[in-house]
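# Overview (structure and organization)
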Amino acid sequence: MRTATEVTPTPVPAVLETERLVLRAPTAADLDAITAACQDAEIQRWTVVPSPYSRADAVFFVERLAAEGWRSGRSPIRRVLEKGTGALVGTQSLAARGQGAAEVGFWVATGARGHGCTVEALRAVADRAFTERGLRRLEWVAYVGNEPSLAVARKAGFTLEGTLRSYAAQRGVWRDCWMGSLLASEWDQG
């Protein structure tokens with residue numbers, strides 16, 4: 001039984017590293033890079049980031065959304081950075097979706113597209129989800145037409161399951177989405 005003086009510790013965000021990348025919790029030092037990256041029309045087109053995107057939106061993302069995701073453990077969000085340079089590649093998130101399942105999410109900064117970094121980061125998140133968190137299913141959801149996101153999901157091992165009609169709202173408009181999954185039983189680290 002806890003006494004009044006005991007405090008539940010906030011989980012320390014795990015840092016993931018791959019051959020080329022570092023994935024870590026966003027901090028105030030990332031605000032300028034996040035603000036700049038989210039000016040991109042493609043990020044605004046395919047995600048729920050505010051449009052237009054301001055520095056205040058980046059502050060909310062880092063100080064409230066990401067911080068709460070780590071505190072609760074239900075939705076950790078990581079910044080994806082190039083090793084060595086520290087350049088922003090994008091984000092990766094993992095949101096709890098029922099018993100033993102979670103939904104992955106990501107966006108990619110303009111200059112980082114087409115280099116395989118997002119697949120590398122997604123595979124690192126999947127590996128942690130399956131081997132350390134014991135999840136049985138990862139889900140990927142994207143608005144219909146987001147071919148680059150579909151390509152990343154497939155390269156990372158996800159299987160397209162179908163189209164979910166009027167599934168997710170983006171700035172007040174309900175949109176159809178594709179859904180795919182990757183199961184722990186299918187996971188291959190190679």
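A brief structural summary. The model shown is predicted, which means the values in this text are computed figures rather than measured ones. (Residues numbered from 1 in each chain as written. Predicted model: local features only at pLDDT ≥ 70, side-chain atom pairs only at ≥ 80, totals over all residues. Heavy atoms only, no water.)

### Some thoughts on the packing of aromatic side chains
The following threshold applies: We call Phe, Tyr and Trp rings a pair once their centres come within 6.5 Å, taking the six-membered ring for Trp, and we label the pair stacked below 30 degrees between planes, edge-to-face above 60, and tilted otherwise. Any Lys NZ or Arg CZ that is within 6 Å of a ring centre and within 35 degrees of that ring's normal is treated as a charge sitting over the ring.
Throughout the structure, instances matching the rule amount to one aromatic pair. Above the face of the Tyr143 ring, Arg175 is positioned so that its terminal group lies 4.1 Å from the ring centre.

### Points about the side chain of Asn146
Put simply, the rule reads: Helix numbers and strand numbers start at the N terminus; a helix is a DSSP run of H or I with at least 4 residues, a strand a run of E with at least 2. Residue burial is assigned from relative accessible area. The probe radius is 1.4 Å, only protein chains are included, and a residue is buried under 20% of its type maximum, exposed over 50%, and partly exposed in between. Counted as a polar contact is a pair of N or O atoms within 3.5 Å, where, for protein atoms, one must be capable of donating a hydrogen and the other of accepting one, and residues adjacent in sequence contribute only when both atoms are in side chains. Only heavy atoms matter for contacts: two residues are in contact if any of them lie within 4.5 Å across the pair.
Examined against the element boundaries, Asn146 turns out to sit in the loop between β6 (137–143) and α5 (147–155). Judged by its relative accessible area of 8%, Asn146 falls in the buried class. Within polar-contact distance, the side chain of Asn146 engages the backbone nitrogen of Ser149 at 3.2 Å. Beyond its immediate sequence surroundings of up to four residues, Asn146 is in contact with Trp46 and Trp178.

### Digging into helix α4 (residues 117–131)
Quick reminder: α-helices carry 3.6 residues per turn. Residues three or four places apart thus point the same way. Note the following rule: By this rule the span expected of a helix is its residue count minus one, scaled by 1.5 Å.
Under the 1.5 Å per step criterion, the end-to-end length of α4 is 21 Å for 15 residues, consistent within 8% with the ideal 21 Å. For α4, the buried fraction is high: twelve of the 15 residues fall into the buried class.

### Side note on unusual backbone geometry
Following Ser51, the chain continues to Pro52 via a peptide bond in cis, the omega torsion being 0 degrees. With respect to the helices and strands, the residue Pro52 is situated in the loop between α2 (41–46) and α3 (55–72). You will see that Ser166, though not glycine, has its phi angle at about 45 degrees, which is positive. Of note in the backbone geometry, Arg171 takes a positive phi value of approximately 50 degrees without being a glycine. Tracing the chain through its elements places Arg171 in the loop between β7 (159–170) and β8 (173–183). Given a relative accessible area of 42%, Arg171 falls into the partly exposed group.

### Here we look at the nonpolar core
This is how the line gets drawn: Residues belong to a common nonpolar core when they are buried Ala, Val, Leu, Ile, Met, Phe, Trp, Tyr or Cys residues joined through side-chain atoms within 4.5 Å.
Grouped together as the largest cluster of nonpolar side chains are 32 residues, with contacts concentrated most on Leu94, Leu138, Trp140 and Phe158. Those elements that place two or more of their residues in this core are β2 (21–24), β4 (88–96), β5 (101–108), α4, β6, α5 and β8. Tallying contributions element by element places α4 first for this core, with nine residues. Setting aside residues up to four positions removed in sequence, Leu138 forms contacts with Leu94, Ala102, Val104, Ala126, Ala129, Phe130, Phe158, Gly180, Ser181 and Leu182. Of all hydrophobic cores here, the second largest spans 16 residues; its members include Cys38, Phe61, Ile77 and Trp107.

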